[in-house]
Amino acid sequence: MDTLISLLTGLSDSQVRAFRHTSTLAAMKLMTSLVRVALGVSLHKDNNQRQYEAERSKGPSRRATDKLEALLEKRRELQEQQEEIENMMNAIFKGVFVHRYRDLVPEIRAICIEEMGNWMQSYSASFLTDSYLKYIGWTLHDKQREVRLKCLKALQGLYRNREMAARMELFTSRFKGRMVSMVLDKEPDVGVEAIKLLTLILQNMEEMLTDEDCEAVYPVVYASNRALAAAAGEFLYKKQFDLDWEAGKEKGRRGGSRDFFRLLLAFFIESELHEHAAYLVDSLWDCAAPLLKDWDGLTHLLLEESPEEAGWGDQQENALIEILVSSMRQATEGKPPVGRGPGKKVLSARERKAQEDDREKLTQYLIPLLPQLLAKFSADAEKVALLLAAPRYFNLSLYSSGRLEKYLEQLLAQLREVVEKHTGQEVLEAAARALYVLCNPEFTFYSRVDLARSRLVDTLADKFQQEVSELLQASYLDEDEVYSMAATLKRISILHNAHDLTPWQLYEPCSLLLQRAVDTGEVPKQVVIPTMTCLHFGILWELARVSGTVPVQKELLALKRKVASFCSLCQSCLSDVDSRVQEQAFVLLSDLLLVFSPQLAQGEREVLELLVYRPEVALQSQLAGFLMDHVFNHAELVDSDEEDSKGKIERLHQRRNLLAGFCKLIIYNVLELSAASDVFKHYAKFYKDYGDIIKETLSRARQIDRDEWARTLLLSLQQLLTELLLQQGPEAVYGKAFLEIRDLARRFSVFFGLHQLHNRQALVALHKAGIKFAFQEPEPSGSELGPLNLPFLEVLSEFSPRLLRPDKKLLLSYLEQTCQARLSPQQRGKRWNSLLMYRRSLRSLDDMGSNASRIAAPRLRRRPSSAAKRRHLDDSSEQGDSSLPLSSRLETPMLTSTALKRGRQLGSPAQLQEEEGSESDFVQSQPWFSSQRSRESPGQQQQLLVPRRTSRLGLGSRMDRLSLMEEEEMVIQAESSDEEDAQGLDMPLIRSHSSQGEQFRDLFDSTILGIEDP
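Residues numbered from 1 in each chain as written. Predicted model: local features only at pLDDT ≥ 70, side-chain atom pairs only at ≥ 80, totals over all residues. Heavy atoms only, no water.

Points about the overall build of the protein
Regarding its fold elements, the protein presents 47 helices and zero strands. Entry remark: accessible area of the protein is about 51,900 Å², with carbon and sulfur atoms responsible for 50%. (Helix = DSSP H or I, 4+ residues; strand = E, 2+ residues; numbered from the N terminus. Areas by Shrake-Rupley, 256 points an atom, 1.4 Å probe, with all protein chains shown as cover.)

Concerning the side chain of Arg-839
Relative to the assigned elements, Arg-839 resides in helix α40 (residues 833-843). Within polar-contact distance, the side chain of Arg-839 engages the side chain of Glu-816 at 3.1 Å. Apart from residues lying up to four places away in sequence, Arg-839 is in contact with Leu-812, Leu-815, Glu-816 and Cys-819. (Polar contact = N/O pair within 3.5 Å; in protein donor to acceptor, adjacent residues only side chain to side chain. Contact = heavy atoms within 4.5 Å.)

Brief notes about the confidence of the model for the protein
When pLDDT is averaged along the protein, the result is 80, and 79% of the positions lie at 70 or above. The low-confidence segment residues 244-253, where pLDDT is below 50, has twelve contacts with residues more than four positions distant or belonging to other chains. Below a pLDDT of 50 lies the segment residues 849-1014, which in the model reaches 214 contacts outside its immediate sequence neighbourhood of four places, other chains included. (pLDDT = per-residue confidence, 0-100.)

With respect to a nonpolar patch on the surface
Judged by side-chain polarity, Met-1, Leu-4 and Leu-7 come together as a nonpolar surface patch covering roughly 290 Å² of accessible area. As for its placement among the helices and strands, Leu-7 is situated in helix α1 (residues 2-12). (Patch = residues over 30% accessible without salt bridge, like charges linked within 9 Å, V, L, I, M, F, W, Y side chains within 5 Å. Salt bridge = Lys/Arg side-chain N within 4 Å of Asp/Glu carboxyl O.)

Brief notes about unusual backbone geometry
Unlike most non-glycine residues, Gln-505 shows phi in positive territory, near 50°. Backbone geometry at Asn-669 places phi at a positive 65°, although glycine is not the residue there.

Quick notes on the environment of Gly-10
Tracing the sequence through the fold places Gly-10 in helix α1. Classification of Gly-10 as partly exposed rests on a relative accessible area of 29%. Distance from Gly-10 to Val-96, taken between C-alpha atoms, is 8.7 Å for residues 86 residues apart in sequence. (Buried < 20%, exposed > 50% of the residue type's maximum accessible area, 1.4 Å probe, protein only.)

Looking at the packing of aromatic side chains
Scanning the entire structure with this criterion turns up 28 aromatic pairs. Relative to Phe-261, the ring of Phe-260 lies with its centre 5.2 Å away and its plane at 65°, an arrangement referred to as edge-to-face. Grouped by ring-pair contacts, the aromatic residues Phe-93, Phe-97, Tyr-101, Trp-119, Tyr-123, Phe-127, Tyr-132, Tyr-135 and Trp-138 constitute a single cluster. Lys-768 extends its terminal NZ or CZ atom over the ring of Tyr-814, reaching a point 5.6 Å from the ring centre. (Phe/Tyr/Trp six-rings, centres within 6.5 Å; stacked < 30°, edge-to-face > 60°. Lys NZ or Arg CZ within 6 Å of the ring centre and 35° of its normal.)

Quick word on the pattern of salt bridges
Inspection of every chain in the model, using the stated rule, returns 40 salt bridges. Between Glu-555 and Arg-545 there is a salt bridge, with the nearest N and O atoms lying 3.9 Å from each other. Of this pair, Glu-555 sits in helix α27 (residues 553-573) while Arg-545 sits in helix α26 (residues 525-547), placing them ten residues apart in sequence. What makes Glu-555 partly exposed here is its relative accessible area of 28%. The residue Arg-746 makes a salt bridge to Asp-743 at a minimum N-O spacing of 3.4 Å. Placement of the pair is Arg-746 and Asp-743 together in helix α35 (residues 736-750), with a separation of three residues, close to one helical turn. With relative accessibility at 26%, the residue Asp-743 sits in the partly exposed group.

With respect to the environment of Val-419
With respect to the secondary-structure elements, Val-419 resides in helix α21 (residues 405-421). The sequence separation of Val-419 and Leu-460 amounts to 41 residues, and the corresponding C-alpha distance is 9.9 Å. Filtering out sequence-adjacent residues up to four positions away, Val-419 remains in contact with Leu-428, Ala-431, Leu-456, Leu-460 and Arg-491.

Details of helix α15 (residues 295-302)
For α15, the buried fraction is high: seven of the eight residues fall into the buried class. All of the buried residues along α15 are Trp-295, Asp-296, Gly-297, Leu-298, Thr-299, Leu-301 and Leu-302.

Focus: a negative patch on the surface
A cluster of acidic side chains, namely Asp-2, Glu-77, Glu-80, Glu-83, Glu-84 and Glu-86, defines a negative patch on the protein surface. For Glu-84, the location among the structural elements is in helix α3 (residues 65-100). (Lys, Arg positive; Asp, Glu negative; His and termini not counted. Charge placed at Lys NZ, Arg CZ, Asp CG, Glu CD.)

Notes on the environment of Tyr-218
Summarising the element assignment, Tyr-218 is placed in the loop between α11 (211-215) and α12 (226-248). Residue classification places Tyr-218 among the buried residues on the basis of a relative accessible area of 10%. Through-space distance from the C-alpha of Tyr-218 to that of Phe-267 is 9.4 Å; in sequence the pair is 49 residues apart.

Some points on helix α38 (residues 805-822)
Think of an α-helix as turning once every 3.6 residues; residues three or four places apart then point the same way. When the terminal C-alpha atoms of α38 are compared, their 26 Å separation across 18 residues agrees well with the 26 Å that a helix rising 1.5 Å per residue should span. Taken as a whole, α38 has its buried residues at Asp-807, Lys-808, Leu-811, Leu-812, Tyr-814, Leu-815, Thr-818 and Cys-819. Axial view of α38: buried residues confined to an arc of 165°, hence all on one face. Exposed residues on α38 whose side chains face more than 90 degrees from its buried face are Gln-817 and Ala-821. As for α38, its buried residues are in contact with α36 (756-774), α39 (825-828) and α40. (Expected span 1.5 Å × (residues − 1). Arc of directions from axis to C-beta.)

Here we look at the packing of helix α2 (residues 17-56) against α3
Closest axis-to-axis distance for the α2/α3 pair is 8 Å, and the angle between their directions is 155°. Taken together, the axis directions place α2 and α3 in an arrangement best described as roughly antiparallel. The interaxial crossing formed by α2 with α3 has left-handed handedness. Looking at the contact of α2 with α3, its residues break down into 21 nonpolar, nine polar and eight charged. (Axes fitted to C-alpha atoms, helices over the stretch in contact; angles between N-to-C directions. Parallel < 35°, antiparallel > 145°, perpendicular 65-115°, else oblique. Left-handed = near helix turned anticlockwise from the far one by under 90°. Nonpolar A, V, L, I, M, F, W, Y, C, P; charged D, E, K, R; others polar.)

Examining the side chain of Thr-712
Tracing the backbone shows Thr-712 in helix α34 (residues 706-728). Separated by 2.8 Å, the side chain of Thr-712 and the backbone oxygen of Glu-708 make a polar contact.

Thoughts on the packing of helix α6 (residues 130-139) against helix α9 (residues 169-181)
Geometrically, a packed helix pair is captured by the angle between its two axes and the distance between the axes. Where α6 meets α9, the axes come as close as 10 Å, and the angle between the chain directions of the two elements is 25°. Classified by the interaxial angle, the pair formed by α6 and α9 is roughly parallel. As for how α6 packs across α9, the hand of that crossing is right-handed. The residues of α9 that touch α6, namely those facing Asp-130, Leu-133, Lys-134, Gly-137 and Trp-138, are Leu-170, Phe-171 and Phe-175.

See below:
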């Protein structure tokens, strides 16, 4: 066994990663087995001691002397075995673990920490001490994710046992701050395990966590990662709600539910961490689902007659309704809220059955109570909008099968009242969706719902017809009449989105109204916007009807006329004085042009070819001009700086939607690809706001037509240069704006990097067109800068590295021919910088010499194959044999440790470069190394840089020994996690130069690391 331990200890100190990794794993597993044996010996020893004490307690007449002697002999034997095992364990621990727990390779460090956790759980009497725990505490700061995970999981196994946790009080107080800070680790799975660890500490050592520590975990319930949020939700539940709910059971079901929701609302409102309770419900669902599914208790709390006495205010009621609707959605769909993922992908049959049972349960509870809730909160638009989402989660067939039609009538009456009472966008959309869910022809009660919908639309349509006739005849309308008409149109337009209102023939009066607005401009903007929306949905509903049947030629022609007329009206609205009317017209035009694009007649819909609408050139240019004024307008962005942050975000989101609508027209071949130049030329300048949209458009456009795409990129650059020269003159090429054009060209060239053969033709055509453009304009009179557009060659040189060598020769010849044709003999002799730079970019790998290019760009060193290694070994052996006398002996290769060592002399600088993969990189990655180097004397530091002469004879030479070893290709992460930057590393620090008598020995002293005071 001693030989095996010595072998593993030596190999674990090797510079070869494979030896070090394998031997460390074997040594740690051997140590784990020895720990189990030591535990068994310890148990036998304890049993032997109890037997001995029991035998000695007997009287002299009953005491067996032989048995006592046998027990004493057995105890001495067990003691010897225990000492022998402890010596072996001590040898492995000090020879392997102490050096390898901070190895360069993360997998080796993870093995050490994982096995140490097993030792502490198996043999806590010997290993659960501060002298061993400190290694886990120090490694909590490791930069690699897997090592931190092993530390946390090892600690979870210890804190799970209350007896073990009680013995870790000093460790907990020392490293609690680090464990709390790991909740915000940049790796979500590390944060999950950190929260689970804090939950175990909360259960078994509650007094160790202060309110400040807990408050660091609470905000994580709103994290975007669901696993992290669920772990934080469990911590929150056990800290705030668990005990109170158990105590509340004594008060009865309603009393306990009231206390739980009171605490939940207090946390949600007072913390002010988030404004959407759906994320809080999702976080608590795994641990508090039975409480959150108490829909009966929730609705009774909301229907109480005196909410003020119960302590429910308006804010509490809003939050309680949102919790109610969120719990219904979570129970019936099982999907996390928007922006949180990943959720569970595939549900089992048991989970689907549980969802159906929950749907049945909540439907039975809420069908009778939903009309009452709507009636109570009918005046509050926010509460009503939330409650109207409930029917989507019902099992609506219960209305007929359970004979609950009277509650359906009450619900329809409340829906009508909501539509007639409110004008808000959200509440009207919620009412339209609820009515759409109920208007399903598959239900037996469809006729009732359809009748209620028809009555509602009849009322709105009659009122609209009357108001339209008055508006078209009158020359002036007061504010009340304008408000009434705008509200009616808004209700109709929102209902038209979800329901087909074609039978009410609203298209003609809306068209007349919009035509009046375009011709005279007397129609208020609050009336124009819903009018355009009604016309838009009317066209789409008619298209859906035509697509579902065999269309007649007459119907297709009528629909096409409507589309052309509506597009013409919207085009006129693009020049309206009101920006909201312009944006609405742009959005509706983008959607309608996309629907009636050439894709409409693809597949089995050739009959709809007549409906394809291709915008005219004037409309295309007007759309592009709108984009320049409202999306890429610098003045508008500067003015928006005065708005609040929420307004800025909303405005940016609106501008992104406008840009996305225009880009979709390009991708789906509605607009010519050349129209994208107005977007592409802003790629670099507006990269922060729209970079993702423009980049995706660039990629999609390249797939459509590579040649046309390349011409569009060139057109974008040409437009920018032309604008620059017109605004600032020829001297502008020396300014910052010209450098920005070159940067944009460099970004464009990246898209030619992959698939060079596919892009070859397009890239050559781009260069030729660029050369023509550069010599297109003559040299201005009195200028020595050459042709006006000649600086464009500098922009074009950014694409030269993407060219193949034969193409460079071709383009260089084409450039010379163009110079001969476009320049006079006097101009050809001039050395313009732009022309010289472009020529140099085309000659970089040809005329300038291949040797220079190889020196400028050396090839990467490749890892030698095994055959090459053998050839190198044979050559080295032959050379060594020829230079050694016969009586000489080969030097034994020494295995170099990767642990931190001081005062070690290095070889030549070349040797130093080859060794930094295993030792130097690891030493530099340790946060305490810099302080250690700073404490060394100048003489010691100078000594490290002095190369010593080494023997170059045979295999004993250091370079030959290193050639036998595997090249390590490892990269140590240079940056620590974000939360480590904020909190700082809690690693053991180097002691100051004060005398040892003035220092108290710390339990977590760093001397075990081999860093001693000089």
